[in-house]
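The chain contents come next:
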Amino acid sequence: MHDDRTLVESRLKRVLDERIRPAVYPESVPLEVGIWTAPGEPVPVAEGLAAPRTPIAVGDAWGAPWGTSWITVTGTVPEAWAGRTVEALIDLGFDANMPGFQCEGLVYRPDGSPVKGLNPQNQWVRIAAPAAGGEQVLLHVEAASNPVILDYHPFLPTELGDRETAGDRPQYKLARMDLAVFDETVWQLVMDLEVLGELMAELPVEGPRRWEILRAVERCLDAIDLQDVNSTAAAARSRLEGVLAAPAVPSAHRISAIGHAHIDSAWLWPLRETVRKVARTTANMTALLEDEPEFRYTMSQAQQFAWIKEHRPEVYARVRKAVAEGRFVPAGGMWVESDTNMPSSEAMARQFVHGKRFFLDEFGVENHEAWLPDTFGFTGGLPQIIRNAGSKWLLTQKISWSQVNRFPHHTFLWEGIDGTRIFTHFPPVDTYNCSMKGSEIAHAARNFKDKGVARHSLAPTGWGDGGGGTTREMVAKAARMKDLEGSATVRWENPAEFFAKAEAEYPNPPVWVGELYLELHRATLTSQARTKQGNRRSENLLREAELWCATATLRTGAAYPYEQLDRIWKTVLLHQFHDILPGSSIAWVHREAEATYAALAGELEGLIGAAQRALAGAAAGGRELVFNAAPHTRSTVPAGGAAAVAVPGGVCEAVERSEGGFTLRNGLLEVVVDADGLITSVVEPATGRETVAPGSRANLLQLHPDFPNMWDAWDVDQFYRNTVTDLTGTDSLTASSSPAGASVRITRSFGSSTVVQTLTLPAGEQRLDIDTEVDWHETEKFLKAAFPLDVHTERYAAETQFGHLHRPTHTNTSWDAAKFEACNHRFVHLEEPGWGVALVTASTYGHDVTRTVRAEDGGTTTTVRFSLLRAPRFPDPKTDQGLHRFRHALVPGAAIGDAVREGYRIGLPERTVTGSAERVAPLVELDNDALVVSAVKLADDRSGDLVVRVYEAGGGRARGRLTTSFPLAGAVPCDLLERPWDGTRGEVAFEDGAVRLALRPFELVTLRLRVSA
């Protein structure tokens, strides 16, 4: 037989495009259209419905950027259409390739009840089936004219990302506005041919199945009268019945499809628009659930459920009903799909606390999976947090985006820094926006790396990022692939059903140890410094507020601010979403985030101040009490307590050097700052040990060009290192000293920017503090601060949630080399046997570590560089312009415990309050510094119990005794949700009015302490 595949396949494409698809709506009449544009921000539904309309026609422009227009369509069903299915086709000017990234609408009935959402892949509204002739049609559309930020030429700078700069030029033109007859037979024929055509293209040419489908398609096309498709569609479909009925082979890959709409809680749209995106999508999905009995839909992010509950209660009622039926599935158990690299230990825990508690309170549902399809890599501390939250599974897709190395598994056990293992799945379909194309299904089956030992994978199905969700077309295609020869089998299943099956069939999966590093989007650790600083400050202030408010409640009877703290935590958690905290959202999002963080700081400072004043006692001219919120004693003030302390002092001096620069001394360190304001030596006089590598200069600011190949705010590509400018010129160099410390102040100018640094050697501390103020006005540049250290080590430690992880300093493998920019929380620590050095940071996350061997003496130089600022132009063309302040410290001679202590110190400064009290005893104390308290708070159930979270911070085993300054009636280990839990692997025992602890490396334990009456 001659090979005529191309002929038939080309025929199929043209006939589908030009004859069959247009015949789905064979008859139509225009609708009348009126419009009203809301001034400013969106208005309540009642106001939008009642506003006067102005006539508008197809082809007319509408919609200034970020505007809201209320569009009303009216019409009459023709008498000739009686008994047929009628739909309204409402095209706001859509681009079919951009669902979720442009204009959208939510349709309402005249009584204000929502019907469904409109987007480029979902433009229809069912009017009646069957319709009555003469039936009147009246629908209202709340249309959002969101501008296209990520266009066909992506990553071009645009001012459209903020309403303040976007202008008012209309973005769209109304397209089709019709009533139309919907021919379901033709639509089903389209689905048949799409599924078979897409499957055929994936099958081997040598196999008979491809040719069977080809011939059936050819016979089908022969049966269609191209001038009367509607009358011949049924006959054409009948010629496909045989090939559609052929069952899948027993060994076929099995795909669990779950309806999904990954909705970024903010990204190329502001938070307020996400509220409406969620309403549109959930309105569509609840309607689709009613129409399709086998369909299942899942939505993560408790925040998004809370938004619907608050802003669209009618939609929320439909969601609650579908959840109760088990078909609309809350997933993930987190407040938002957060970044996981940068949130603190407590914040990461609270993502699960607030998320799971919302689902439990609202729906009686407890999730056992963490659902993070789009997060930019996963910290090694996360498995323990997931387990302590009562969950046991993880789903993500993002690691498939890695640039260099292909991850070796799709289903595996992920082991965290403490040894906790989580059953993890990466969908081999390689997208969280599966649309049920044959190419996607075939890719999932071919790509699945665990063939022969496992056969199940999951496919999140529906338009996402900007929402939209699953369409009726996706459901129809999945139905045809339920049991179809040549294809993987597809079933709609809940995430828990998938995970249970996958776990059962794969009892001994491979293990991956440590972080799941994404070899992409590394610059998200630095972009939008103000957002990152606002997050870190909020986390620290929340720790203080909970600690001092709990102390004030137990000591003085002051009211504990449950509601206020709950609201603030949820706001902070929201802003840890994986496109807000990483700095990859539009200018509007980050402008609002900065204002939000400032407001939260004001609230939290108020709570802290009120609690501390209550604890100090009011007294005119009283004594000064120093409050210490850190988990370690400082200046004789116990952790979590307050006491009067003497003003620190000592012999501190700044001596001018003859060759220029200064030498700072405090008896513990001697620091040489040269004429360029750079550090050439940091020596411990007691040991003579030098910190700075010979011939090198530390605290060297370095400027790189920064123009990645794509994803400007997200990415830094390795070639940025090829060009570097060392900022060595100084405008001024001055020094000062006092009993409190010795300092050098350096001013530099570069490009259009200036930087002022103050290096301070405080009295009585083996630490050099570095305060940096940058007035930043560069574009597409990357600013780093380099510290070349005289340390020989093959690895270094970087703090993460509830511990630290180790990364190599070398590039032996492609996996090592790919980690050229990585995350730390408060410290990085490098160590040779017997001596180490820590670099701590108040608010930066990105860093790199490199090593070289010196030709001069054969020694090893290990250079740590903190990433300070970037200046990408997309999606915010003015990213980080303006004034920034950073705080770092260099700690020579530091063991890992010193790094932990100094990391807490830099973010939790002591506070001084005047009052009558002599001291404030800590609520709890531990007798081993390796055991660190991460939270002290009152139990969320308002029982009056005290909740204390403790973890082992050194990476070894640690024993300790926790005592309280109040009568302790009992202590119970709990999960993160403060429920009794027997999952602790170490020892926890209540005895003799105290708690005895024996924790394993990095083990986390939550204790619920009952206060005696």
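All values reported here derive from a predicted model rather than from experimental measurement. (Residues numbered from 1 in each chain as written. Predicted model: local features only at pLDDT ≥ 70, side-chain atom pairs only at ≥ 80, totals over all residues. Heavy atoms only, no water.)

(A) Broad picture of the overall build of the protein. Counting its regular elements, the protein contains 19 helices and 54 strands. For the protein, the C-alpha radius of gyration of 31 Å lies close to 31 Å, the compact-globule estimate for 1013 residues. Dimensions of the protein, computed from the C-alpha atoms along their principal axes, are close to 100 × 70 × 60 Å. With 1013 residues in all, the protein has 62% of them scored as buried. Long-range contacts, defined as pairs at least 24 residues apart, comprise 74% of the intrachain contacts of the protein with a sequence gap of at least 6. For the protein, the accessible area works out to roughly 35700 Å², and carbon and sulfur atoms hold 51% of it. Seen as two clouds, the 103 positive and the 131 negative side-chain charges of the protein have centres 2 Å apart. (Helix = DSSP H or I, 4+ residues; strand = E, 2+ residues; numbered from the N terminus. Rg over C-alpha atoms; globule rule 2.2 N^0.38 Å. Buried < 20%, exposed > 50% of the residue type's maximum accessible area, 1.4 Å probe, protein only. Contact = heavy atoms within 4.5 Å. Areas by Shrake-Rupley, 256 points an atom, 1.4 Å probe, with all protein chains shown as cover. Lys, Arg positive; Asp, Glu negative; His and termini not counted. Charge placed at Lys NZ, Arg CZ, Asp CG, Glu CD.)

(B) Inspection of the pattern of salt bridges at higher detail. According to the stated counting rule, one finds 87 salt bridges in the structure shown. Arg 21 is the salt-bridge partner of Glu 194, the closest N and O atoms lying 2.8 Å from each other. Residue Glu 194 is located in helix H3 (residues 184-202), and its partner Arg 21 is located in the loop between helix H1 (5-20) and strand E1 (28-30); the two are separated by 173 residues in the primary sequence. Residue classification places Arg 21 among the partly exposed residues on the basis of a relative accessible area of 32%. For Glu 104, the salt bridge is made with Lys 277, and the minimal N-O distance between the two is 2.4 Å. Remark: Lys 277 occurs in helix H7 (residues 271-291) and Glu 104 occurs in strand E7 (residues 104-108); sequence separation between them is 173 residues. An identical accessibility class is assigned to Glu 104 and Lys 277; each is buried. One connected set of salt bridges, linked through shared partners, spans Glu 41, Glu 104, Glu 142, Arg 163, Arg 272, Glu 273, Arg 276, Lys 277, Arg 280 and Arg 312. (Salt bridge = Lys/Arg side-chain N within 4 Å of Asp/Glu carboxyl O.)

(C) Inspection of the pairing of strand E13 (residues 254-259) at higher detail. Of all the six residues making up E13, five are buried; the element is thus mostly covered by neighbouring parts of the structure. One ladder, built from six bridges, connects E13 with strand E20 (residues 456-461); its direction is parallel. By the bridge assignment for E20, Ala 257 is matched with Ala 459. Pairing analysis gives four bridges linking E13 to strand E21 (residues 489-492), with the strands arranged parallel. Bridging from a neighbouring strand, Ser 256 pairs with Arg 491 of E21. (Pairing = 2+ DSSP bridges.)

(D) Here's a closer look at the sheet that holds strand E17 (residues 393-395). Ordered in space as E16-E17-E19-E18-E22, the five strands form an open sheet in which the pairing is mixed. The sheet terminates laterally at strand E16 (369-371) and strand E22 (511-513), the two strands that pair on one side only. Looking at each pair of strands side by side, their axes are set apart by 30 degrees on average, direction ignored. Where E16 and E17 come together, three bridges link them in parallel fashion. (Axes fitted to C-alpha atoms, helices over the stretch in contact; angles between N-to-C directions.)

(E) Representation of the side chain of Glu 799 within the structure. Tracing the backbone shows Glu 799 in strand E37 (residues 795-800). Exposure remark for Glu 799: the relative accessible area of 3% places this residue in the buried category. Among the polar contacts made by the side chain of Glu 799, one reaches the main-chain amide nitrogen of Arg 826 at a distance of 2.8 Å. (Polar contact = N/O pair within 3.5 Å; in protein donor to acceptor, adjacent residues only side chain to side chain.)

(F) Inspection of the packing of aromatic side chains at higher detail. All chains considered together, the criterion is met by 40 aromatic pairs. Ring centres 5.0 Å apart and planes at 90 degrees place the aromatic pair Phe 295 and Trp 492 in the edge-to-face group. Taken as a pair, Phe 295 in the loop between H7 and strand E14 (297-299) and Trp 492 in strand E21 lie far apart in primary sequence, 197 residues in all. You can call Trp 492 buried: its relative accessible area is 12%. (Phe/Tyr/Trp six-rings, centres within 6.5 Å; stacked < 30°, edge-to-face > 60°.)

(G) Quick look at empty space enclosed by the protein. Summed over the entire model, instances satisfying the criterion amount to nine cavities of 30 Å³ or more. Of the volumes computed, that of the largest cavity is approximately 200 Å³. Lining the largest cavity are 18 residues, and of these Ser 344, Ser 345, Glu 346, Asn 540 and Arg 826 sit closest to its centre. Counting only elements with at least two residues in the lining of the largest cavity, the list comes to helix H10 (345-363), helix H15 (529-556) and strand E48 (931-938). In terms of residues, the lining of the largest cavity owes the most to one element, H15, which gives five residues. Per-class residue counts for the lining of the largest cavity are six nonpolar, five polar and seven charged. Around the second largest cavity sit 18 residues that line it, and Asn 341, Phe 376, Tyr 517, Leu 518 and Leu 525 are the ones nearest its centre. In terms of residue class, the lining of the second largest cavity is built from nine nonpolar, four polar and five charged. (1 Å grid on protein atoms, 1.4 Å probe; cavity = no way out; pocket = protein on both sides within 12 Å on 5 of 7 lines; lining within 4 Å. Points joined across faces, edges and corners; volume = space filled by probe spheres on them. Nonpolar A, V, L, I, M, F, W, Y, C, P; charged D, E, K, R; others polar.)

(H) Seen up close, unusual backbone geometry. Here the residue pair Ala 129 and Pro 130 is connected by a cis peptide bond, since its omega of 5 degrees sits within 30 degrees of zero. Turning to its location among the elements, Pro 130 is positioned in the loop between strand E9 (124-128) and strand E10 (136-145). Of note, the amide linkage connecting Phe 874 to Pro 875 takes the cis form, showing an omega dihedral of 5 degrees. For Pro 875, the location among the structural elements is in the loop between strand E43 (860-870) and strand E44 (882-892). Here the phi dihedral of Asp 880 falls at roughly 65 degrees; this positive angle occurs in a residue that is not glycine. By the element assignment, Asp 880 lies in the loop between E43 and E44.

(I) Up close: the nonpolar core. Residues Leu 92, Leu 946 and Leu 1009 are the most contacted members of the largest nonpolar core, which totals 241 residues. Among residues more than four places away in sequence, those in contact with Leu 1009 are Val 924, Asp 945, Leu 946, Val 948, Leu 962, Thr 964, Phe 966, Leu 968, Gly 970, Ala 971 and Val 995. Grouped together as the second largest cluster of nonpolar side chains are 48 residues, Ile 746, Val 774, Tyr 796 and Phe 866 included. (Core = buried A, V, L, I, M, F, W, Y, C linked by side-chain atoms within 4.5 Å.)

(J) Summary view of the packing of H7 against helix H9 (residues 313-324). Between H7 and H9, the least distance of the axes is 9 Å, while the angle of their chain directions is 45 degrees. Taken together, the axis directions place H7 and H9 in an arrangement best described as oblique. Handedness of the H7/H9 crossing: left-handed. Residue-level contacts link Ala 279, Thr 282, Ala 283, Thr 286, Ala 287 and Leu 289 of H7 to Val 315, Arg 318, Val 319 and Ala 322 of H9. Residue composition of the contact of H7 with H9, by class: seven nonpolar, two polar and one charged. (Parallel < 35°, antiparallel > 145°, perpendicular 65-115°, else oblique. Left-handed = near helix turned anticlockwise from the far one by under 90°.)

(K) Structural detail: helix H5 (residues 229-238). Among the residues of H5, those classed as buried are Val 229, Thr 232, Ala 233 and Ala 236. With its buried residues spanning 135 degrees around the axis, H5 presents them on a single face. On its buried side, H5 packs onto H1, H3 and helix H4 (208-222). (Arc of directions from axis to C-beta.)

(L) Representation of the environment of Ala 235. When you line up the elements, Ala 235 lands in helix H5. Note on Ala 235: relative accessible area 41%, which makes it partly exposed. When the C-alpha atoms of Ala 235 and Leu 189 are compared, they prove to be 10.0 Å apart, with 46 residues separating the residues in sequence.

(M) Region of the structure containing the pairing of strand E12 (residues 177-181). Judged by how many residues are buried, E12 sits mostly within the fold: five of five residues are covered. The alternating pattern of E12 places Met 177, Leu 179 and Val 181 and Asp 178 and Ala 180 on opposite faces, both of which are buried. Sheet topology places E1 next to E12; three bridges connect them, and they run antiparallel. Bridged to Val 29 within E12 is Leu 179.

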